[in-house]
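# A structural walkthrough
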Amino acid sequence: MVSSGSASGKKSLNTVTLLFKLPYYTQWGQSLLIAGSESALGSWNVKQGLSLSPVHQDNELIWLGRVSVAAGFTCEYSYYVVDDNKNVLRWESGEKRKLVLPQGIKEGDVVEIRDWWQDASEALFFRSAFKNVIFNATENAKRELQSVSLNKSLDPEADIVVQFVISCPRLGSGSTVVVTGSNPQLGRWCAQDGLKLSYVGDSFWKANCVLRKSEFPVKYKYCKFSQAGNSSLELGPNREVDVDLSSPKQSRYIVLSDGALRDAPWRGAGVAVPMFSIRSDEDLGVGEFLDLKLLVDWAVNSGFHLVQLLPINDTSVHGMWWDSYPYSSLSVFALHPLYLRVQALSDAIPADVKEEIQQVKKQLDKKDVDYEATLSTKLSIARKIFNLEKDKVLNSSSFKQFLSENEEWLKPYAAFCFLRDFFETSDHSQWGRFSQFSKEKVLELKKLVSEGTLHHDVVCFHYYVQYHLYMQLSEAAAYARKKKVILKGDLPIGVDRNSVDTWVYPTLFRMNTATGAPPDYFDKNGQNWGFPTYNWEEMSKDNYGWWRARLTQMSKYFTAYRIDHILGFFRIWELPDHAATGLVGKFRPSIPLSQEELLSEGLWDFDRMSRPYIRQEILEEKFGSFWTVIAADFLNEYQKQRYEFREECNTEKNIIVKIKTSPEKSLWLEKEDSIRRGLFDLLQNIVLIRDPEDSTKFYPRFNLEDTSSFSDLDEHSKNVLRRLYHDYYFARQENLWRQNALKTLPVLLNSSDMLACGEDLGLIPACVHPVMQELGLIGLRIQRMPNEPNLEFGIPSQYSYMTVCAPSCHDCSTLRAWWEEDEGRRSRFYKTVVGSDEEPPSRCTPEVVHFIVQQHFDAPSMWAIFPLQDLLALKDKYTTRPAAEETINDPTNPKHYWRFRVHVTLESLLDDKDIQATIKDLVTSSGRSFPGEKVEGADESGEKLSMVQLNGKP
């Protein structure tokens, strides 16, 4: 039903009717409503909002809603798509709409509000990356707000007031907006005579225009005017406003909420490099936050608007080089002490400490990061400086403010670090009475580390380090914003199971599970990251407060971020915590195969299908004559020539332990890897995984047809399992996963105003890209990992606008290494992508790199972001190092040492004008925006038009 009265039910003495109109196509069972700040629109209670009714007009479906309000009515509101029970299915993006009625409205008038659904991609330009960095809102903040009034009396029989409203988040400083069109009031297509709009704040422009009924329909467009008097007309077809003159209740006022001025698609470029990989003249063995200022300078000189980093949170879990893995955080809030510049801790560092710094600087200046030596050295020096100035710093107003604003995470973090070092383990289950975090334990800890105690300074030192990390990164972030460069962070999908977060918030995690990814491009055996999976049901109870806090913390430094493994917000690949590989997992959430379903399909032998299928001939085939040794040490023969694993080695982790500790280990010392792999194959030789929490539920094993367990089944069972496998992985979960993502992802996106990009590589469900498009999430395209199943190499010229394109990323080999790894693939690329039948060079020459990089700069993608190694390969002098050494991560190795360092300092790169000019030429020739660009006659990326071109119908 369409509401027709005010919320009070009583008609005001001076009321007007608001008629909302919105073109929008819905699916069956869906409808639209408006919820807003006033009672007439439900006071933001969607179920009490104004319901709209659909009407077909020409080829459009228009949703209409009427409500009577007082003449001075103002409100904020948004549109929502709901089901028959008014449950919200989706809502429009961007800021809440603001409605201020035109002046002069009288009792009984009808105000027609013609809106457009606010698309998520348009709302991106109101995110801090654009608003506060690239288009610098401080310039718009100086813009004087103007009133919008009518200076003409109305003829009630012949006049209609049209209010033009447009948003221009990309408008340059000093520029203004006009609307030009087909009638005299709009300048008859002469932009300089058009209707000038007034700036009303938040990048919105507005003007009222009195038009005669006889002049409709009116065609028009918006146009930008620069301070110099140059014009740029918006792109696309003419807009049009018409009225229904036959209507007995004609609207005297029309508000045209026209969305955003149609600019050419904005496109930018950036560079990606891990924080630890940066090298400078000042660093101590690893990149440091203050080095980012030099990197920003290089980015600006090279034409880049963005610098992308890997995660920078503290990962000090194991106390060894394993902690180099940046995606396994000890705390999702604390910054990593590794990136601290100790020279900047004080202005009064003693001479002996300065001398020590210079000595270790030389010792740590190695080809790769020496993670343990670097971290321990920095912490040692920082403690010496802390001991000298702790009273001064800890009593300063800036430190006290930092502690006050961050104590909710900082105090548990410092307590955790103290207990980790005291007990010599991060496994908080080993901490005795402190293994369970609680308010009582906090009070007990507080006494233990109170001022004057032996341990007080230990805890304060952690505060001190985090304070300086905050100050140094904040300085670098402010510098980047000033230079119009976006700092892009990384939001890891998981946390280490022995972390501050699992200690403080244990109910938010499923600690008996592990997170990973099914087999994909990176690893045919799947990946096991070891993180516990999330208890989303528990997280939802406070509207995902932990996630919101994470994003709020990140937004202190970053204006954009990459959501690591965004597929995990649709569904996660969940493994038992006793798994070592990533193969035998299941999706969570997912709809399992029920026992009843399997029985109805004629499948009944559940033990046969869900237990490892081990026959003697399989053992002989896998281990040869050595099979008897394996059988005797790891297996029991429960039937003739049928085997099962012994209880002490019936999981992957138990097998690893058994191999290492067995008395017979001397028999297989040289075969250890192949025996482990063979035993894993036996353990994974199943077709169904039984749910450990409900024995009547089953999940098809990934790639079950590759197993001998499957090949030995009868044909009927094989056919049923093939069908159920396809249904489980590619059909039955789609709606569930879509709903799951629409519960969680909007909370993340609304937690800050950072620009969000999603890493959507891997086995991608069909629902992922539509949801990302709906939410305005920018996807990732890597040329060697195309989304299209029939392509070996992606085609950058065909990428969609809402993407980041890149020739490689940190999880794969660099462009040079990839080129040189595989001769056959190189030849196919040269033929199909380069378009040459000649023999390709075996070495990835600068000419090859230039071709591939140029492809990505020219792509329609909103962003082209390049690993620094790929950019440096444009010049021969930066390719002397073996290409394989430039790889950042090996996803197939869970214990990979993350230690790559760029072999040239940032100072040297800044001195190299040639490489900067080469890259900048690629940026400018592709039409991408770059910091400091000046486009005469247009703003940022507007279409340049002369007055002559505007003096006539376009």
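Structure: above.
Keep in mind that what you see is a predicted model, and the values were worked out from it rather than measured.

As a further point, take the packing of helix α5 (residues 351-364) against helix α6 (residues 371-394). In the contact formed by α5 and α6, the axes pass within 11 Å of each other and the chain directions differ by 175 degrees. It follows that α5 is roughly antiparallel to α6 by the angle criterion. Along its contact with α5, which presents V353, E356, I357, V360 and L364, the element α6 presents A373, T374, T377, I381, K384 and I385. For the contact of α5 with α6, the per-class residue count stands at seven nonpolar, two polar and two charged.

Sheet strands associate in pairs through backbone hydrogen bonding, adopting either a parallel or an antiparallel arrangement. In spatial order, the strands read β29-β34-β33; together these three strands make up an open sheet with antiparallel pairing. Every interior strand has two partners, whereas the edge strands, β29 (593-594) and β33 (688-690), have only one. Summarising the sheet, β33 and strand β34 (residues 697-700) pair through three bridges and their orientation is antiparallel. Bridge pairing in β34 places R690 opposite F698. Against the sheet, helix α20 (residues 715-730) touches β29, β33 and β34, its axis set at about 90 degrees to β34.

All told, the structure shown has 63 salt bridges when counted by the stated rule. With a shortest N-O distance of 2.9 Å, R420 and D421 are connected by a salt bridge. The class for D421 is partly exposed, based on a relative accessible area of 41%. Among the ionic pairs, K586 bridges to E574, the shortest N-O distance being 2.9 Å.

Further remarks concern helix α15 (residues 616-623). Of the positions making up α15, those classed as buried are Q616, I618, L619 and F623. One side of α15 holds all its buried residues, which, seen down the axis, span an arc of 160 degrees. Where the residues of α15 are buried, they touch β30 (614-615), α16 (627-634), β31 (635-639), β32 (642-645), α18 (672-683) and α19 (708-711).

Turning our eyes to something else, we now look at empty space enclosed by the protein. The tally for this structure, following the rule as stated, stands at nine cavities of 30 Å³ or more. Approximately 330 Å³ is the volume found for the largest cavity. In terms of lining, the largest cavity is formed by 27 residues, of which the most central are A272, Q308, S808, C809 and H810. Every element with two or more residues in the lining of the largest cavity is listed here: β35 (755-758), β36 (779-782), β37 (803-806), β38 (863-867) and α26 (868-872). Of the residues forming the lining of the largest cavity, the biggest block, three residues, is contributed by β36. Grouping the constituent residues of the lining of the largest cavity by class yields 15 nonpolar, eight polar and four charged. Roughly 130 Å³ of internal volume is contained in the second largest cavity.

All right, on to the nonpolar core then. Ranked by size, the top nonpolar core spans 187 residues in total, and within it L292, W298, F304, W546, W547 and Y561 carry the most contacts. In this structure F304 touches A269, G270, V271, W298, A299, V485, F857, L871, I919, V923 and P931, once residues within four positions along its chain are discounted. In this structure, F20, F73, I113 and Y253 belong to the second largest nonpolar core, which totals 32 residues.

Let us now look at the packing of aromatic side chains. In this structure the tally under the stated criterion is 70 aromatic pairs. With centroids separated by 6.3 Å and ring planes inclined at 20 degrees, the aromatic side chains of F333 and W409 adopt a geometry described as stacked. Here W409 lies in helix α7 (residues 397-423) and F333 lies in the loop between β20 (306-308) and α5, a separation of 76 residues in the sequence. There is no split in this pair, since F333 and W409 are both buried. One aromatic cluster in this structure is built from W573, F587, Y699, F702, Y725, Y728, Y729, F730 and W737. The cationic tip of R170 hangs over the ring face of F125; the distance from NZ or CZ to the ring centre is 5.2 Å. Sitting over the ring of Y699, K586 keeps its end group 5.2 Å from the ring centre.

Moving on, we come to the pairing of β34. In this sheet, β34 lies alongside β29 in antiparallel orientation, the contact comprising two bridges. Its bridge partner lying in β34, S594 is registered against K697. Hairpin remark: β33 followed by β34, antiparallel, with six residues in the connecting loop.

Counted according to the given criterion, the structure contains zero disulfides. With no disulfide of its own, C223 lies closest to C190 among cysteine sulfurs, the gap being 9.8 Å. Between C757, a cysteine without a disulfide, and C805, which holds the nearest cysteine sulfur, the sulfur-to-sulfur distance is 12 Å. A relative accessible area of 5% means that C757 is categorised as buried.

Calculation criteria
- Counting restarts for each chain: residues are numbered from 1 in the order of the written sequence.
- Per-residue local features are limited, in this predicted model, to residues with pLDDT of at least 70; the limit for side-chain atom pairs, both in listing and counting, is 80 or more; totals at the level of whole chains, interfaces and linings are taken over all residues.
- Where side-chain values are given, they derive from all heavy atoms of the structure, hydrogens and water being excluded.
- All axes are obtained by fitting lines to C-alpha atoms, using only the stretch in contact for helices, and the reported angles, taken between N-to-C directions, cover 0 to 180 degrees.
- Only DSSP runs of H or I reaching four residues or more are called helices, and only runs of E reaching two or more are called strands; each is numbered from the N terminus.
- In this scheme, roughly parallel covers angles under 35 degrees and roughly antiparallel covers those over 145, while 65 to 115 is roughly perpendicular and the rest are oblique.
- In what follows, a contact means two residues having at least one pair of non-hydrogen atoms within 4.5 Å.
- Gly is put with the polar residues, along with every residue not named as nonpolar or charged; the nonpolar set is Ala, Val, Leu, Ile, Met, Phe, Trp, Tyr, Cys and Pro, and the charged set is Asp, Glu, Lys and Arg.
- The criterion for strand pairing is that DSSP finds at least two bridges linking the strands in question.
- What makes a salt bridge here is a side-chain nitrogen of Lys or Arg within 4 Å of a carboxyl oxygen of Asp or Glu, nothing more.
- For every residue, the accessible area (1.4 Å probe, protein chains only) is compared with the maximum for its type, and the residue is labelled buried under 20%, exposed over 50%, or partly exposed between those bounds.
- Directions from the helix axis toward the C-beta atoms define the arc.
- A pocket, in this scheme, is an open set of points on a 1 Å grid over the protein atoms alone with protein on both sides within 12 Å along at least 5 of 7 lines, while a cavity is a set where a 1.4 Å probe fits but cannot get out; residues line either one if an atom lies within 4 Å of a point.
- Grid points are joined across faces, edges and corners, and a volume is the space filled by probe spheres set on the points.
- Here, the term nonpolar core denotes a set of buried Ala, Val, Leu, Ile, Met, Phe, Trp, Tyr and Cys residues that are joined through side-chain atoms within 4.5 Å.
- Note on aromatic contacts: the rings of Phe and Tyr and the six-membered ring of Trp form a pair at centre separations within 6.5 Å, being stacked when their planes are under 30 degrees apart, edge-to-face when over 60 apart, and tilted otherwise.
- Here, a charge over a ring means that NZ of Lys or CZ of Arg falls within 6 Å of the ring centre while also lying within 35 degrees of the ring normal.
- When two cysteine sulfur atoms are found within 2.5 Å, that pair is recorded as a disulfide.

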